[in-house]
Amino acid sequence: MDQQRERFTPMKSYVPFRGLFDPCPPIGEKYYSTPPNLYVGFQSPNLEQFTPQEALRKGTLWKVFYDYYDNPYKRGGDSGHG
Amino acid sequence: MANTMPIEYYQQLEEIQAVDFVIDELVLYLDTHPTDQNAIQQYNHFALYSKQIKQKFEESYGPLQKGSVNIRQDYWAWSGPWPWQV
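Small disclaimer: the values here were computed from a predicted structure and weren't measured.

Below, the discussion takes up the packing of aromatic side chains. Counted by the stated rule, this structure contains 11 aromatic pairs over all chains. Ring centres of Trp62 of chain A and Tyr29 of chain B lie 5.2 Å apart, and the angle between their planes is 40°; on these two criteria the pair is classed as tilted. Here Trp62 of chain A is found in the segment after α2 (52-58), whereas its partner Tyr29 of chain B is found in helix α1 (residues 7-32) on a different chain. Considered together, Trp62 of chain A and Tyr29 of chain B belong to a single accessibility category, that of buried residues. Between Trp78 of chain B and Trp82 of chain B the ring centres are 6.1 Å apart and the planes differ by 5°, which places this aromatic pair in the stacked class.

The next thing to look at is the interface of chain A and chain B. Taken residue by residue, the interface counts 15 residues in chain A and 15 residues in chain B. Of the roughly 1,200 Å² buried where chain A meets chain B, counting both sides, 61% is carbon and sulfur surface. Area buried by chain A at its contact with chain B is led by Pro52, Leu56 and Leu61 of chain A, which between them contribute 36% of it. The salt bridge involving Glu14 of chain B is made with Arg57 of chain A; its shortest N-O contact spans 3.0 Å. For the side of chain A that touches chain B, the per-class residue count stands at seven nonpolar, seven polar and one charged.

In the predicted model, chain A carries a mean pLDDT of 85, and 84% of its residues have values of at least 70. Across chain A, element-level confidence peaks in α2 of chain A with a mean pLDDT of 95 and bottoms out in helix α1 (residues 37-40) of chain A with 92.

The rules we used
Residues numbered from 1 in each chain as written. Chains lettered and ligands numbered in written order. Predicted model: local features only at pLDDT ≥ 70, side-chain atom pairs only at ≥ 80, totals over all residues. Heavy atoms only, no water. Phe/Tyr/Trp six-rings, centres within 6.5 Å; stacked < 30°, edge-to-face > 60°. Helix = DSSP H or I, 4+ residues; strand = E, 2+ residues; numbered from the N terminus. Buried < 20%, exposed > 50% of the residue type's maximum accessible area, 1.4 Å probe, protein only. Contact = heavy atoms within 4.5 Å. Buried area = accessible area lost by both parts, 1.4 Å probe. Salt bridge = Lys/Arg side-chain N within 4 Å of Asp/Glu carboxyl O. Nonpolar A, V, L, I, M, F, W, Y, C, P; charged D, E, K, R; others polar. pLDDT = per-residue confidence, 0-100.

Okay, here's the thing in structure tokens:
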């Protein structure tokens, strides 16, 4: 089931509208996280798991749900565009 | 002069944390998949294992939580390091 699923992007972004007379400085690009659980739907049994120690550090027991967060605002702003 | 606990203290504590995390994950999973026998089997395995390692930890380092058995008969064993000092 996992293989056919096309790779999704864990982070997406959009550029908010900015009017001509907007006094505030432009925000530029805003990002939002789209973790795997949005795409997996109802969890199927017997998914591959991390070891307990690894799971504790990764924040999830099942490998499919692991979602590494890398702050796009700090990383020069060019993250995986949705 | 640092007053810290032996390395085993931290190793056992980490083991307990990892096992309890797996238990929490499986509890959430089993709430929505009550008929998944493999998960139930894994949950029972970890639940038993968690009891054992907690008992082993408490025998050497004192109670882990309220309601733990007080190892020593002559002294109320609630002493440091407190969780925030660990």
